[in-house]
Amino acid sequence: MSLSLRDKSLFRQQAFIGGLWLDADSGRNVPVYNPATGAELGQMPWMGAAETRRAIECAEQALVSWKKMLSKDRAAILRRWCNLILEHQEDLAQIMTAEQGKPLSESRSEISSSASYIEWFAEEAKRTYGETIPAGKKDQQLLTIRQPIGVVAAITPWNFPAQMIARKCSPALAAGCTVVIKPAPQTPYSALALAVLAQMAGLPDGVLNIVTGKAGEIGDEMTANPAVRKLSFTGSTVVGKVLMEKCALTVKQVSMELGGNAPFIVFDDANLDFAVRHVLASKFRNSGQTCVCANRIMVQSSVYDEFATKLTSAVREIKIGPGSNENTTLGPLIDDRAIDKVDGLVRDALSKGAKALIGGTPHNAGALFYAPTVLTGVTQNMQVFHKEIFGPVAPLYLFEKEEEAIDLANATRYGLAAYFFSRDVGRVWRVSEALEYGMVGANSGTLSSEATPFGGIKESGIGREGGKYGIQEFLEIKYINMGLEG
Ligand SMILES: NC(=O)C1=CN([C@@H]2O[C@H](COP(=O)(O)OP(=O)(O)OC[C@H]3O[C@@H](n4cnc5c(N)ncnc54)[C@H](OP(=O)(O)O)[C@@H]3O)[C@@H](O)[C@H]2O)C=CC1
Ligand SMILES: O=C(O)CCCC(=O)O
């Protein structure tokens with residue numbers, strides 16, 4: 001292991017089931033690599049259906065007492081977990097940067113935002129209110145209570161290896177559910193480190209379980225096992241649809257946080273320097289590998305050239321390199337497939353008439369680095385208009401009128417995040433309403449926070465994470481009709 005951690009116990013190469021650290025039944029492991037250097041970081045157990053089934057059984061057994069625990073006691077454990085995460089922020093950030101590649105400053109801020117989700121839901125645990133309903137007859141009381149759904153399965157991606165666990169697990173645990181997680185194979189160590197701290201915080205055995213290994217087998221067990229009552233997934237729309245189909249057979253609830261194709265519209269009355277700063281934050285964070293990244297930057301014709309020049313100058317200042325260098329602002333992509341996908345989209349656009357003002361090729365910092373890129377002259381007939389880029393490529397589209405920008409923005413099957421910049425208050429309201437998206441940044445390129453509902457419409461998903469809505473995803477409403485006589 002090449003990491004130098006203050007607390008070495010955080011780096012685990014075993015899965016976590018029923019409070020025990022375990023190898024795969026077969027004893028088989030697979031390597032995990034640092035995307036910046038290609039060096040092997042360690043091994044991860046290659047588990048399958050049998051281990052997943054046992055993790056679900058553990059979660060089912062733990063559910064019996066966890067759901068009955070007073071919510072303030074569950075909240076206290078979550079609060080301790082949050083505090084331990086903050087205490088170990090630096091080690092957790094080092095682990096994340098090593099396995100995921102993002103700059104250390106971004107890893108540190110992901111760890112603190114993960115802690116914020118846990119803190120938020122520790123508080124929400126105490127507020128899972130029911131209601132009374134005025135009855136139509138004198139001899140009855142009508143009411144609702146909210147109860148935990150039961151065992152939850154969570155499948156998480158590699159782009160936010162800690163925050164995804166916090167966003168799914170803390171509301172589930174706060175609600176009284178127990179959880180089995182499958183983290184992405186590229187980034188298991190952040191998830192396992194969080195489990196070390198959860199155990200230290202006093203989370204009872206079996207309440208949180210992490211199974212690493214074969215996606216197909218683990219996913220099939222999670223979706224077929226009747227004990228699992230809910231699946232929460234973040235990842236590609238293609239995989240999300242397959243999982244939804246499989247969940248239908250046992251009628252499980254699902255929360256799906258899937259792909260995006262975010263428009264970022266710059267109107268001619270916008271403050272261009274301000275908009276450029278926000279494009280940088282939205283487009284290049286995590287090397288462009290977020291589902292809410294600006295994917296199609298649409299600029300009104302009268303400010304198009306000026307905006308393109310300003311953006312290119314700003315992109316020139318980006319410092320590309322390993323995330324472990326303190327001055328790096330853009331790290332590598334996650335793997336070869338990501339490089340091929342991003343480069344393929346750029347090649348297609350260039351071959352159809354787009355121009356690269358900067359970048360446009362892989363970068364020589366290492367095998368998985370892509371040069372930050374600005375493309376002009378991009379049009380709807382290029383693949384990049386339709387696909388989630390998931391890389392540091394900013395394609396600029398030109399539009400004339402507000403209605404045209406809205407039509408262009410909505411011309412996609414995705415509906416996660418959208419952004420626009422304008423100083424006209426009437427337009428700010430009109431466009432906010434017209435955009436067919438779950439989240440809109442009006443003069444803002446950042447959206448995510450523990451206090452707000454994160455999620456999409458159309459093929460970007462179902463459900464909301466965060467805010468007062470997040471915990472409801474893990475609660476069932478029970479209606480009680482109480483007869484007062486007899
Ligand atoms: N909404 C978002 O935040 C994300 C969107 N994406 C989009 O998806 C593209 C591809 O990325 P990729 O990592 O392949 O995304 P995937 O959707 O394939 O992977 C996300 C998670 O789902 C798991 N998974 C995949 N197939 C199954 C299955 N049949 N059963 C159970 N779990 C499964 C993966 O595990 P395993 O890797 O072992 O297959 C991983 O843990 C990206 O370029 C991006 O466009 C990707 C990640 C996050
Ligand atoms: O890409 C995602 O799936 C989540 C984005 C989280 C964030 O914006 O911090």
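Residues numbered from 1 in each chain as written. Chains lettered and ligands numbered in written order. Predicted model: local features only at pLDDT ≥ 70, side-chain atom pairs only at ≥ 80, totals over all residues.

Under the convention used in this document: UniProt positions are given in the numbering used here, feature names are shortened, and annotations may be inferred rather than shown by experiment.
The chain goes by NAD-dependent succinate-semialdehyde dehydrogenase in an unreviewed UniProt entry, where it is assigned to Kiloniella antarctica. According to the UniProt record, the Sequence similarities (unreviewed entry) comment for the chain is "Belongs to the aldehyde dehydrogenase family."

## Remarks on the nonpolar core
Considering soluble globular proteins, one finds that nonpolar side chains tend to be buried as a cluster. In plain terms, the rule: Each nonpolar core consists of buried Ala, Val, Leu, Ile, Met, Phe, Trp, Tyr and Cys residues. Their C-beta atoms, within 7 Å, join them into a set. With C-beta atoms placed from the backbone, a residue is labelled by how many other C-beta atoms lie within 10 Å of its own: buried for 20 or more, exposed for 12 or fewer, partly exposed between the two. For the purpose of contact definition, each residue receives a C-beta atom placed from its backbone, and two residues are in contact when these atoms lie within 7 Å.
In this structure, Leu78, Trp81, Ile118, Val179 and Val180 are the most contacted members of the largest nonpolar core, which totals 82 residues. Once residues lying within four places of it in the same chain are set aside, the contact partners of Leu78 are Ile118, Phe121, Ala122, Ala125, Ser170, Leu173 and Ala174. Listed in part, the 68 residues of the second largest apolar core include Ala262, Val346, Ala354 and Leu435.

## Overview of the site of ligand 1
Stated formally: Placing a C-beta atom from the backbone of each residue, we mark the residue near a molecule or strand if the atom is within 6 Å of it. Runs of E in the DSSP output that reach at least two residues are strands. Runs of H or I that reach at least four are helices, and both are numbered from the N terminus.
Near ligand 1 lie 22 residues; those nearest to it are Ala215, Gly219, Gly235, Ser236 and Cys291. Of all elements in the fold, only α7 (215–224) and α8 (237–248) reach the threshold of two or more residues within the shell around ligand 1. For the shell around ligand 1, the element with the highest residue contribution is α7, accounting for three residues.

## Remarks on the sheet that holds strand β18 (residues 417–421)
The pairing of strands in a sheet comes from backbone hydrogen bonds and takes either a parallel or an antiparallel form. Quick reminder of the rule: One requirement defines pairing of two strands: DSSP has to find at least two bridges between them. Comment: axis = line fitted to C-alpha atoms, over the contacting stretch for helices; angle = value between 0 and 180 degrees taken between N-to-C directions.
Strand order across the open sheet formed by seven strands is β14-β15-β16-β13-β12-β18-β19, with mixed pairing between neighbours. Looking along the sheet, the strands with just one partner apiece sit at the ends: β14 (355–358) and β19 (439–442). Neighbour-to-neighbour, the strand axes of this sheet turn through a mean angle of 25°, independent of strand direction. As defined by bridge partners, strand β13 (residues 294–300) adjoins strand β16 (residues 393–399) across four bridges and the pair is classed as parallel. Paired with Met298 across the strands is Tyr397, a residue of β16. Contacts between helix α11 (residues 336–351) and the sheet are confined to β14, β15 (373–376) and β16, with β16 contributing the most and set at about 35° to the helix.

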